Structure formats: C-alpha cells, structure tokens
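Topology and contacts: notes
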Amino acid sequence: MSAEALGIDYRRFSTVAAFASGKGGVGKTTLTGNNATKTASRGIPTLAIDVNGQGNLRREFGMGEGDKGEAFYNAMRSGSPLVPVKNVRENLDVVLGGEEVRQLNALFIELAQKEGPYAAFCRLAVCLQPLLSQYGVVWIDAPPENPNMLMMVLCAARWLIAPVKMDVCSLDDALKDIAGSFQAAKQVNQALELLGVVHFGSPNGSTEIHREVVTKARKKLGQSTHVFDETVHASFKTAQLARDLGLSVWELAALKRAEDKRMAGTIEKLAEAHDKLTTAMLLRMRSRLEMAA
C-alpha cells in the first residue's frame, strides 16, 4: 500500500499549509483564522479546516458551534469528500471542528488495523483531494499533542508552519515533537516541507527575543530552517476583543473608531503584522514551488 495506491496525487496539494506544534497555545488557531480571512479578502478562494476537538477556529469567524465537527467526522469515516460550511466570508469556506472530531483518533487506529497504516495516515488527504480544485489556498489548524491526528494532517499538507512562543516548552519540547512528526510524515508524504517557524506572542519590537528564537529554532530543526522575520506580537486585549466579535484582527482594525477605547492602542500594528506574515507565507510558498519546478 502507498499514497499513490490510494489515489493521492501530492502535486495537487501545493497550496495546502498546516499550522502545527507539539504544544497548544502557541497561536495556531489565531494564525489560521487571520490568514484565512486575509487571503479570502484578496480574492483567493480559501478553505480553512479545524482538526481540533475544542473547535475554536469557528470563533475566529464569528460562527456558532454548528454540528460540532459531525460532518467532518462522517466524511472521514466514509472516506468521502469533506463538506465545508460555505461562504463564511466571501471566498471563504470552513470545515468545522468540535467534539465529534475527537473520534478521529479511534478512527485512525481502526483504519490502521483493518486497512493498513497508509490508509490511516492518508485519510484526510483522500477526503480533501476532491476539493482542491475549488481553492487557491487551504489553511489547516492542526491538533496539538495527538500524534495520530497530527500525522493525518501532515500527510495532507504540502507545507508545515510551526508557530512558537519564547518559552522553554515551546522552543524545546514542542519543536522536538513537531520535528519527530515531520520526519515520520515525510516517509508517507515526500512532498511535505517545513515552510518556516513563526515567532508568536512576544512583546512588540522584541528584537533580541526574536534573535534567540531564531537561534533555538535552528538548533532544534537544523541551521537551514527558515524563521519568518515577520512576527506577531502579543496584544491580549485586542486578540480577545477580536475573538469576542468573531473578527480577524485586520477586520477589527477596519472597524476601529477613534472614540472606542476598546480598540485603542496597538490594533493597527497588530493587523499590519498579520498582513505582512500572510504575505510572506504566500511568497515563500511560491518561491519554493518555483525552485522545485
């Protein structure tokens, strides 16, 4: 058995990117949500996928709980195409996560036992592939600390993006875990590439901290590892307000009122940071694909 025997053509996955880490709370959901709304706003047909039992990606778009991931799980169970919620924004569709998605871990084990490991590893790729012609980019919010489900994600992605915070758990244990998962997934999905590491959540203008993140990330992942210069700084008040309103940071900035103290301060800088990072990721994807051609 192989990915090819399952009908998977990894050439079609060239714009599928997964935010993944061995640790929760490092910005995966925030980055997925902001990237998705930004690419959609630029006229790029965008799909966002939440592979998490908590299902928090929906909050980034102002969505209710929906089916709590039931449609996602049912598609994975049957091996049929994923069924996104359409037009969450113009050009943006979303595959919802939620508590039903937690069953994917048991499904992974069942598939591995009945049909072999490749069937388990590649299940998300099988269910995603029929949709790829509809979208210019796919952003996946991967689950932390669940090796089986993470393998499903990495075997359905062309790009791995690893967010980190400046703390020991994130820079040491989490990067070590994601490096191990990356190497395991490469045995199945040889097209998988580490697009880069994203420094998330330090104070604005933390140049020295960023240098330390670069040094430690390259020590863990290799000296050639790309660490994005574009960082997303911490602004807990703004981030909480954006999530409460179901808006991306740049959407929140567009609604800013001078008299609204809730939106005062760093909102424009934070929106600019997200915008620059999204642009940098898209440009690096294009550059790497051109080099591989």
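I will try to describe carefully the structure that is included in this document. (Residues numbered from 1 in each chain as written. Predicted model: local features only at pLDDT ≥ 70, side-chain atom pairs only at ≥ 80, totals over all residues. Heavy atoms only, no water.)

On a plain count of helices and strands, the protein chain comes out with twelve helices and seven strands. Here the C-alpha atoms of the protein chain give a radius of gyration of 18 Å, agreeing with the 19 Å that 2.2 N^0.38 yields for 293 residues. Dimensions of the protein chain along its principal axes, counting C-alpha atoms only, are 60 × 40 × 35 Å. A burial count over the protein chain gives 52% of its 293 residues as buried. In the protein chain, once contacts between residues fewer than 6 apart in sequence are set aside, the share between residues at least 24 apart is 81%. Working note: accessible area of the protein chain is about 12800 Å², and carbon and sulfur atoms make up 50% of it. Put simply, the protein chain has 35 plus and 32 minus side-chain charges, and the middle of one group is 3 Å from the middle of the other. (Helix = DSSP H or I, 4+ residues; strand = E, 2+ residues; numbered from the N terminus. Rg over C-alpha atoms; globule rule 2.2 N^0.38 Å. Buried < 20%, exposed > 50% of the residue type's maximum accessible area, 1.4 Å probe, protein only. Contact = heavy atoms within 4.5 Å. Areas by Shrake-Rupley, 256 points an atom, 1.4 Å probe, with all protein chains shown as cover. Lys, Arg positive; Asp, Glu negative; His and termini not counted. Charge placed at Lys NZ, Arg CZ, Asp CG, Glu CD.)

Right, let's talk about the environment of Arg 59 for a bit. Position of Arg 59 among the secondary structure elements: in helix α2 (residues 57-60). Given a relative accessible area of 37%, Arg 59 falls into the partly exposed group.

In this section: the packing of aromatic side chains. Evaluated as defined, the whole model comprises four aromatic pairs. These aromatic residues form a ring-pair network of at least three members: Phe 108, Tyr 118 and Phe 121. Its end group placed over the ring of Trp 250, Lys 38 keeps NZ or CZ at 4.2 Å from the ring centre. Its end group placed over the ring of Trp 159, Arg 158 keeps NZ or CZ at 4.2 Å from the ring centre. (Phe/Tyr/Trp six-rings, centres within 6.5 Å; stacked < 30°, edge-to-face > 60°. Lys NZ or Arg CZ within 6 Å of the ring centre and 35° of its normal.)

A separate point is the layout of surface pockets. It is a probe the size of a water molecule, rolled over the atoms, that shows where empty space is left. Estimated volume of the largest pocket: approximately 750 Å³. Lining the largest pocket we find 38 residues, and of these Gly 25, Gly 27, Thr 29, Thr 30 and Arg 243 sit closest to its centre. Taken together, the elements giving at least two residues each to the lining of the largest pocket come down to α1 (28-41), α10 (236-245) and α12 (267-292). The element contributing the most residues to the lining of the largest pocket is α10, with five residues. (1 Å grid on protein atoms, 1.4 Å probe; cavity = no way out; pocket = protein on both sides within 12 Å on 5 of 7 lines; lining within 4 Å. Points joined across faces, edges and corners; volume = space filled by probe spheres on them.)

Of all the six residues making up strand β6 (residues 159-164), six are buried; the element is thus mostly covered by neighbouring parts of the structure. Along β6, one buried face is formed by Trp 159, Ile 161 and Pro 163 and the opposite face, lined by Leu 160, Ala 162 and Val 164, is buried too. Pairing of strand β1 (residues 16-19) with β6, which is carried by three bridges, proceeds in the parallel orientation. Looking across to β6, one finds that Ala 18 is bridged to Leu 160. As judged from the six bridges shared by β6 and strand β7 (residues 193-199), these two strands associate in the parallel manner. (Pairing = 2+ DSSP bridges.)

What follows concerns the pattern of salt bridges. Taken as a whole and judged by the stated rule, the model has 15 salt bridges. One salt bridge connects Lys 38 with Asp 275, and the closest N-O pair in it is separated by 3.8 Å. Residue Lys 38 is located in helix α1, and its partner Asp 275 is located in helix α12; the two are separated by 237 residues in the primary sequence. Residue Lys 38 is classed as buried on the basis of its relative accessible area, which comes to 12%. A salt bridge links Arg 158 to Glu 193; its shortest N-O distance comes to 3.4 Å. In this pair, Arg 158 is assigned in the loop between α7 (147-154) and β6 and Glu 193 in strand β7, connecting sequence segments 35 residues apart. The burial state of Arg 158 is the same as that of Glu 193; both residues are buried. What emerges from the salt-bridge pattern is a single network uniting Lys 38, Arg 42 and Asp 275. (Salt bridge = Lys/Arg side-chain N within 4 Å of Asp/Glu carboxyl O.)

Moving on to the nonpolar core. Among the nonpolar cores identified, the biggest contains 59 residues, and Ile 49, Val 51, Phe 72, Leu 82 and Leu 104 are the most heavily contacted of them. Ranked by residues supplied to this core, first place goes to α7 with six residues. Residues within four places of Leu 104 in sequence aside, it is in contact with Val 51, Phe 72, Tyr 73, Met 76, Met 149 and Met 152. The next biggest cluster of nonpolar side chains, apart from the first, holds 35 residues, and it includes Val 94, Trp 139, Trp 159 and Ala 253. (Core = buried A, V, L, I, M, F, W, Y, C linked by side-chain atoms within 4.5 Å.)

Inspection of the entire model under this criterion finds zero disulfides. Residue Cys 127 stays outside any disulfide, its sulfur separated by 11 Å from that of Cys 122, the closest cysteine. Free cysteine: Cys 155, not disulfide-bonded; nearest cysteine sulfur from Cys 122 at 5.3 Å. The buried category is assigned to Cys 155, whose relative accessible area is 0%. (Disulfide = S-S within 2.5 Å.)

Another aspect to go through is the sheet that holds β1. One open sheet accounts for seven strands, arranged β3-β4-β2-β5-β1-β6-β7; its pairing is mixed. What marks the edges here is a single partner per strand, and that holds for β3 (85-89) and β7. When the angles between neighbouring strand axes are averaged without regard to direction, this sheet yields 25°. The strands touched by helix α9 (residues 207-221) are β6 and β7; relative to β7, the strand with the most contacts, the crossing angle is about 150°. (Axes fitted to C-alpha atoms, helices over the stretch in contact; angles between N-to-C directions.)

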